[in-house]
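Architecture and fold: a report
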Amino acid sequence: MDRLELLKQVKDMGFKYIRISLTKDCNGACSFCHNEGQKIGKRGDKASPTLPLLSLKDYEYIAKFFRTTLSSVSFTGGEPTLVSNLPEIIKIFKDNGYKTSMTTNGFLLDKTLQEKLANVGLDKINVSVPSLDEKEYSGMYNVQNKLPTVLMNLESLSQVFKGKCKINYMALLNKNTPEQLIPMSNLSGKLGIPISFLTILNNNTDYMSSYVLSYLKDNIGIQNTEIQDGKFGSKTIYTLNNGAKWEFDDFREEQYRQKAFDNEECQKCPVRKVCVEGPYALRISSDGTIRKCLIRKNNLIPLTKNGYCHEK
């Protein structure tokens, strides 16, 4: 596949943005982590800050390669804050006109790092907080004593990235208790940080969404509802009576599937019938490999090694 053919395919598949995994390593060890389709790297205490596999020159090439086709990029991992030159990488994409965001567990996201990221123009930060119960939180991440640090970092983040940060709340079947929904809402209302409701990819997505929404409505009350239309689906934002905001993204609804899979690559894909996500984001692994989806491994494209980075 040559350069122009790749860009045409990316455009035809209708990806919303690029997700770049900066490292396979993570200072947590979640049992449900898909690690952006990569092999798992160093985890927990074995993971420490380091330079990424790719050079700044490689990231500059990637930014220039896709800027005529995609205009947003999200930095993930592993854990992206383990990458010691993270601000420099973000600046490269900002200088090339991208909207930039990052998903993090928040362990290392102290005020000093927050200010560095704000200074290079990072547009949005999502912090994953699966629980506010210390025991449950530590069990999900397989860590100890991290929750107080994350909550302290969220306090400063609500000011440094005011209006530009969210809490990712992962809904795990048989793990979420009604008691968790109240303190999560109170945290959102106190800090002014919206909660993005996520759920594991399975056939019970609608049930979990309706259950959580029903509980919030009955126990706190909904003050306002706003619907934002997206590329393939829509997002509903609920403002509760205590000032909390909950966002429900329904991009996996049937309407999304009909639109998202309407391209040549997905139509001929042998695993289309069991695919849940579709071409939602174009993933680039920490070694520069392009991954058009998470569930196939026979359609990977090496972008930077023996590939496009060496073209004139």
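Overview of the structure. (Residues numbered from 1 in each chain as written. Predicted model: local features only at pLDDT ≥ 70, side-chain atom pairs only at ≥ 80, totals over all residues. Heavy atoms only, no water.)

Structural notes on the nonpolar core
The biggest cluster of nonpolar side chains holds 73 residues, and the ones touching the most others in it are Ile20, Phe66, Phe93, Leu117, Leu154 and Trp246. The dominant element in this core, judged by the number of residues it contributes, is helix α2 (residues 56-66), at six residues. Each residue touching Phe66, except ones within four places of it in the same chain, is listed here: Leu7, Val10, Ile18, Tyr98, Leu282, Ile284, Ile290 and Leu303. (Core = buried A, V, L, I, M, F, W, Y, C linked by side-chain atoms within 4.5 Å. Buried < 20%, exposed > 50% of the residue type's maximum accessible area, 1.4 Å probe, protein only. Helix = DSSP H or I, 4+ residues; strand = E, 2+ residues; numbered from the N terminus. Contact = heavy atoms within 4.5 Å.)

Let's talk about the packing of aromatic side chains
Scanning all chains against the criterion turns up 10 aromatic pairs. An aromatic cluster is present here, built from Tyr61, Phe65 and Phe66 joined pairwise through their rings. (Phe/Tyr/Trp six-rings, centres within 6.5 Å; stacked < 30°, edge-to-face > 60°.)

A closer look at the state of the cysteines
Under the defined criterion, the tally for this structure stands at zero disulfides. Not part of a disulfide, Cys26 finds its nearest cysteine sulfur in Cys30, a span of 6.3 Å. When its relative accessible area of 17% is taken as the criterion, Cys26 is described as buried. (Disulfide = S-S within 2.5 Å.)

Here's the deal with the packing of helix α4 (residues 111-119) against helix α6 (residues 147-160)
Their axes nearest at 10 Å, the elements α4 and α6 cross at an angle of 25°. Between α4 and α6, the interaxial angle falls into the category roughly parallel. Handedness of the α4/α6 crossing: right-handed. Contacts between α4 and α6 involve Lys111, Gln114, Glu115 and Ala118 from the first element and Asn153, Ser156, Leu157 and Val160 from the second. (Axes fitted to C-alpha atoms, helices over the stretch in contact; angles between N-to-C directions. Parallel < 35°, antiparallel > 145°, perpendicular 65-115°, else oblique. Left-handed = near helix turned anticlockwise from the far one by under 90°.)

Quick notes on the packing of α2 against helix α3 (residues 86-95)
Helix-helix packing is characterised by the crossing angle of the two axes and by the distance between the axes. For the pair α2 and α3, interaxial distance at closest approach is 9 Å and the crossing angle is 25°. Classified by the interaxial angle, the pair formed by α2 and α3 is roughly parallel. Crossing of α2 against α3: the hand is right-handed. Between α2 and α3, the contacting residues are Leu56, Tyr59, Glu60, Ile62 and Ala63 on the first element and Glu88, Ile89, Ile92 and Phe93 on the second. Among the residues forming the contact of α2 with α3, the class breakdown is seven nonpolar, no polar and two charged. (Nonpolar A, V, L, I, M, F, W, Y, C, P; charged D, E, K, R; others polar.)

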